[in-house]
Amino acid sequence: FFVVLLMGGGGAVGLLYVSVKTGTNLPTKSFSGKCNSFCTISFENQTFKTDICKNTVNPTWNSSYTFEIFAKPSEQISLSIWEKGPLPSQDNCLGTLIIPLNFGQPFNLDVEQPLSSAKNSNV
């Protein structure tokens, strides 16, 4: 993660850059022991979705996204890992990671974090 703050008129006051790299040891409900997974990243009212990584519990997404920051931004970003189902209504959430943000200080977070609802799984 890294942030660029802009000075100026209305609209966005800054940009939040987020890169989603990999997942490790994702749980799966598939009989094959592998899963087709994707990640959603949400900040404010903006959500992005990675491509689907097929047939692996150790996906590599290597995707980057840019969020606009508005006055009084949210103090957290949410990342959820999903196992793709046969239909969109059958996608299964494997876990969620909530990352606190402090816009009062510069930061660059580049670490592996455990998912909240999945044992031994990281993103």
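Scroll up a little and you will see the structure.
Counting from 1, residues in each chain are numbered in the order their sequence is written. A pLDDT threshold of at least 70 governs which residues receive local features in this predicted model, and a stricter bar of 80 or more applies before side-chain atom pairs are shown or counted, although totals over entire chains, interfaces and linings include all residues. The side-chain values count all of the structure's non-hydrogen atoms but skip hydrogen atoms and water molecules.

**A few points about the sheet that holds strand β4 (residues 46-49)**
So the rule is basically this: In this analysis, strands are considered paired if DSSP registers two or more bridges between them. Only DSSP runs of H or I covering at least 4 residues are called helices, and only runs of E covering at least 2 are called strands; the numbering of each starts at the N terminus. Orientation is described by axes fitted as lines to C-alpha atoms, over the contacting stretch for helices, and by angles from 0 to 180 degrees between their N-to-C directions.
Read from one edge to the other, the open sheet built from four strands follows the order β4-β3-β6-β7, with strand pairing classed as antiparallel. Strand pairing shows two members of the sheet lacking a second neighbour, β4 and β7 (92-100), which therefore form its edges. Sheet twist, expressed as the average angle between the axes of neighbouring strands with direction ignored, equals 15°. Pairing between strand β3 (residues 37-43) and strand β6 (residues 76-83): six bridges, direction antiparallel. In the sheet register, F38 faces β6, and the bridge partner there is W82.

**Side note on the state of the cysteines**
Our working rule: Note on disulfides: each one is a pair of cysteine sulfur atoms within 2.5 Å. To sort residues, take the accessible area from a 1.4 Å probe on protein chains only and compare it with the maximum for the residue type: under 20% means buried, over 50% means exposed, and anything in between is partly exposed.
For the coordinates displayed, the defined rule picks out zero disulfides. C39 takes part in no disulfide bond, and the closest cysteine sulfur to it belongs to C93, at a distance of 9.8 Å. Overall, C39 belongs to the buried group, its relative accessible area being 0%. Cysteine C53 is unpaired, with the sulfur of C35 as its nearest cysteine sulfur at 9.2 Å. The class for C53 is buried, based on a relative accessible area of 13%.

Interpretation note: all reported values are geometric properties and have no functional meaning in isolation.
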